[in-house]
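Residue-level listing of the chains:
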Amino acid sequence: MSHPGEIDELKARLDAAERQVRTLAEAVRVLAGGLEGGPLEEAGQARTEHAARLAHELLLAAGLIRPEESEGP
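Here the structure is a predicted model, which is why all the values come from computation and not from measurement. Every chain begins its residue count from 1, and numbering advances along the sequence as written. A pLDDT threshold of at least 70 governs which residues receive local features in this predicted model, and a stricter bar of 80 or more applies before side-chain atom pairs are shown or counted, although totals over entire chains, interfaces and linings include all residues. The basis for every side-chain value is the complete set of non-hydrogen atoms in the structure, without hydrogens or water.

J.: What is the right way to look at the overall build of the protein chain in this model?
T.: The helix and strand labels rest on DSSP assignments: H or I over at least four residues marks a helix, E over at least two residues marks a strand, and numbering proceeds from the N terminus. Looking only at helices and strands, one finds 2 helices and 0 strands in the protein chain. Summary of the burial criterion: residues with accessible area below 20% of their type's maximum are buried, those above 50% are exposed, and those between are partly exposed, where the area comes from a 1.4 Å probe applied to protein chains only. Per-residue burial for the protein chain yields a buried fraction of 12% across its 73 residues. Sequence separation of 24 or more characterises 44% of the internal contacts of the protein chain that already satisfy a separation of 6 or more. Carbon and sulfur atoms make up 59% of the accessible area of the protein chain, which totals about 6000 Å². Contacts are assigned to residue pairs that have any heavy atoms within 4.5 Å of one another. Surface accessibility follows the Shrake-Rupley procedure with a 1.4 Å probe radius. Residue values consider only the protein chains on display as shielding.

J.: Which parts of the structure should I look at to understand the nonpolar core?
T.: Soluble globular proteins tend to bury their nonpolar side chains together. For our purposes a nonpolar core is just a set of buried Ala, Val, Leu, Ile, Met, Phe, Trp, Tyr and Cys residues, chained together by side-chain atoms within 4.5 Å. By size, the foremost hydrophobic cluster in this structure holds 5 residues: A27, V30, A51, A55 and L59. Considering every element that reaches this core, the biggest residue donor is helix α2 (residues 45–61), with 3 residues.

J.: When you look at helix α1 (residues 4–36) in this model, what are you seeing that I'm missing?
T.: Because each turn of an α-helix spans 3.6 residues, side chains separated by three or four positions in sequence point in the same direction. Multiplying one less than the number of residues by 1.5 Å gives the expected span of a helix. Look at α1: 47 Å from first C-alpha to last across 33 residues, which is about the 48 Å you get at 1.5 Å a residue. Buried within α1 are the following residues: T23, A27, V30 and G34. Elements in contact with the buried residues of α1: α2. Of the residues flanking the end of α1, it is G37, one or two places downstream, whose phi is positive at about 70 degrees.

J.: Help me understand α2, please; the structure alone is not making it clear to me.
T.: The terminal C-alpha atoms of α2, which comprises 17 residues, lie 24 Å apart, in line with the 24 Å expected from a rise of 1.5 Å per residue. All of the buried residues in α2 are R47, A51, A55 and L59. Looking straight down α2, one finds its buried side chains confined to an arc of 110 degrees; they lie on one side. What points out from α2, more than 90 degrees from its buried face, is the exposed set Q45, A46 and A61. On the buried face of α2, the contacting elements are α1. Remark: G63 follows α2 within two positions and exhibits a positive phi of approximately 75 degrees. It is the directions from the helix axis to the C-beta atoms whose arc is reported.

So, in structure tokens, the structure goes:
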């Protein structure tokens, strides 16, 4: 039988995992939007770069990647 402390810990871990999944979904949505664009938007690299930067910032802010992982070669 589980102890109340174990249940609270599991709930906290589940809440954290749900937040991470929401953040990942938002980052994917931003990237997809940057690649896809709207029907009235001009295609261009600036839109794609902006979307990639925003997705990256979302992942950093959520702690899903560390700053040193985000630096290029």
